[in-house]
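Spelled out, the chains give:
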Amino acid sequence: MRLSGLRSTLQDRRTPVPPSAPSTVPSSAPSSIPRQARVPAPGRPSAAPAASASDPLTPEQIALLRASVVAVSPQAGELTVYFYAILFARYPAVRELFPVDLDVQRDRLLRGLLRIVDLVDDPDNLVRFCTHLGRDHRKFGALSGHYPAVGECLLASLERYAGPAWTPELAQIWTTAYGLVAQVMSKAAEDDSLLGPAVWYAEITRHVHRGHGIAEITVQPETPYPYLAGQYASMETPWAPRAWRYYSPAHAPRPDGSLTFHVRAVHGGQVSPALVEQAAAGDMVRLGPAQGGMTLDPDSGRPLVCVAGGTGLAPIRALVEHAARTGSERQTNVFVGARTAMQLYGLDDMLRMSQRHHWLSVRAAVSDERIAGLEGTLPQVLAEFGPWYRHEAYLSGPVDMVTQAAYTLLRQGVPQQRIHHDPFDVPALEAALLPRRMAAHLAAG
């Protein structure tokens, strides 16, 4: 599909928002309300009046906020279904601009919401996270005037499922919390609009099957796509409009601006099966802005330990390539894991890199086969070759593997702030509160 066809399929749908529309933005909007969506009338009471940046939450309010998350957690799935039901009922113009299948979208709502709850007492990281949200929401055509609809329905959903725990005081706390976040998101989107586009059109120039349902897909953006090694990009395809998925470039930035992604076809997925089995050179995709903090600190000289499972090898490979290009020569230990030896995807490439760089060591682990020298899960092998308390750690791969590897590193004395991984693509009630569960796990053990 050439550029003209893609623009027709993935059109921006940009219509102006009434200048009198309210401007409060709820922090957790999963896929921002599109421009032509009907917004609350100027005189209509809003469920989320804007808060001032000078209204921080007290420790007592933060405790109530988190307690309300616990109260709704048993019904998290029902809450998100209800949220979208009332959103589409009250603002029907919105529905056609969301993916047909909302399962992933529902999870993203909770993940964003609860990540903010997790960071509410960590202002620096909260601002950083919400800044990324604001930038990323530009690809949906988000404007501040669209968000009151989401805020109204979000608070209504929380009220319904929190039950007796929902009080006027708690309602005001939630209003203040996402009102503060809204300011950060709106400002980030406004500033970012002065620096670059909301999306990048890119043509697929190379498509190679690597076996086991994995394809290497190289794209050439029309205009330079800015990113750092270790970051990831969201991608929209013509086969599933409005369904964005996240993939990591498997290399440091290239002079020609091309990007190569490693994509595994997920059974029943909306996006990845088409990318692996249908996509071909000449097809077009759209990319959202680069995200993720799993990047190398140029001012740090600590040795590195990297753990990769499956296509999680892509960002790890990018980090190693970046280290090689910059000549840092920091001692780097890479552990690559799979269930079977046949599934040790990308290991040969990493071994060749280790032959060229004396500071790079690469080891493999196979969990479901008895192979001398390779047998064991990644966390087990990682523990065997430790300790790693002097290292900076980078983890990428399946959720269970990353979680267990993080536990292993924490037990060996690696500070949590030196363990880097991207947000998990799992239900937010599991992923967003992971750091606190890790700390609790260690305290109990």
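Owing to the predicted nature of the structure, the values given are computational and were not obtained by experimental measurement. Residues take numbers from 1 onward in each chain, read along the sequence in its written order. This being a predicted model, a pLDDT of at least 70 is required before a residue's local features are given, and a value of 80 or more before pairs of side-chain atoms are given or counted; all residues contribute to the totals for chains, interfaces and linings. In computing side-chain properties, one takes all heavy atoms of the structure into account and sets aside hydrogens as well as water.

Remarks on the pairing of strand β7 (residues 304-309)
Two faces make up the sheet, and in a regular strand the side chains alternate between them. What counts is decided by this rule: Burial here depends on accessible area, computed with a 1.4 Å probe over protein chains only, as a share of the maximum for the residue type. Under 20% is buried, over 50% is exposed, and the range in between is partly exposed. Helix and strand assignments come from DSSP, with helices taken as H or I runs of at least 4 residues and strands as E runs of at least 2, each series counted from the N terminus. DSSP bridges decide pairing: two strands pair if at least two such bridges lie between them. Note on handedness: a crossover is taken as right-handed if, strands pointing away from the viewer, the path from the first strand over the helix to the second is clockwise.
Of all 6 residues in β7, 6 are buried, a share of seventy percent or more. With burial as the criterion, each face of β7 is covered, one bearing L304, C306 and A308 and the other bearing V305, V307 and G309. Inspection of the sheet shows β7 paired to strand β8 (residues 332-338) by 6 bridges, in the parallel sense. Residue pairing for β8: G309 is matched across the bridge by G337. Chirality of the crossover, the property in question, places the unit of β7, helix α9 (residues 313-326) and β8 among those that are right-handed. Pairing of β7 with strand β10 (residues 392-396), which is carried by 5 bridges, proceeds in the parallel orientation.

A closer look at the pattern of salt bridges
Note the following rule: Here, a salt bridge means any side-chain nitrogen of Lys or Arg that lies within 4 Å of a carboxyl oxygen of Asp or Glu.
If you walk through the whole model with that rule in mind, you get 13 salt bridges. Between R317 and E321 there is a salt bridge whose closest N-O contact spans 3.1 Å. Placement of the pair is R317 and E321 together in helix α9, with a separation of 4 residues, close to one helical turn. Its relative accessible area of 14% is what places E321 among the buried residues.

Digging into the environment of V402
Here V402 shows up in helix α12 (residues 399-411). Considering only alpha carbons, one finds V402 and H420, 18 residues apart in sequence, at a separation of 9.9 Å.

Focus: the sheet that holds strand β9 (residues 360-366)
The condition that has to hold: Contacts were defined at the residue level, with two residues in contact if any of their heavy atoms lie within 4.5 Å. Lines fitted to C-alpha atoms define the axes, with helix axes restricted to the stretch in contact, and inter-axis angles between N-to-C directions lie between 0 and 180 degrees.
Reading across from one edge, β9-β8-β7-β10-β11 is the order of the 5 strands in this open sheet, with parallel pairing throughout. Looking along the sheet, the strands with just one partner apiece sit at the ends: β9 and β11 (419-420). Its contacts with the sheet place α9 against β7, β8, β9 and β10, and it is angled at close to 150° to β7. Contacts between helix α10 (residues 347-356) and the sheet are confined to β8 and β9, with β9 contributing the most and set at about 155° to the helix.

Let's talk about the sheet that holds strand β2 (residues 214-221)
Strand order in the open sheet made by the 6 strands is β4-β3-β6-β1-β2-β5, with antiparallel pairing throughout. Every interior strand has two partners, whereas the edge strands, β4 (245-247) and β5 (259-264), have only one. On average, each strand axis in the sheet is tilted by 40° relative to the strand beside it, whichever way the strands run. Two strands pair when backbone bridges link them, and strand β1 (residues 200-211) and β2 are joined in this way by 8 bridges, in the antiparallel orientation. Bridging from a neighbouring strand, G211 pairs with I214 of β2.

Just distances and angles here, no functional claims.
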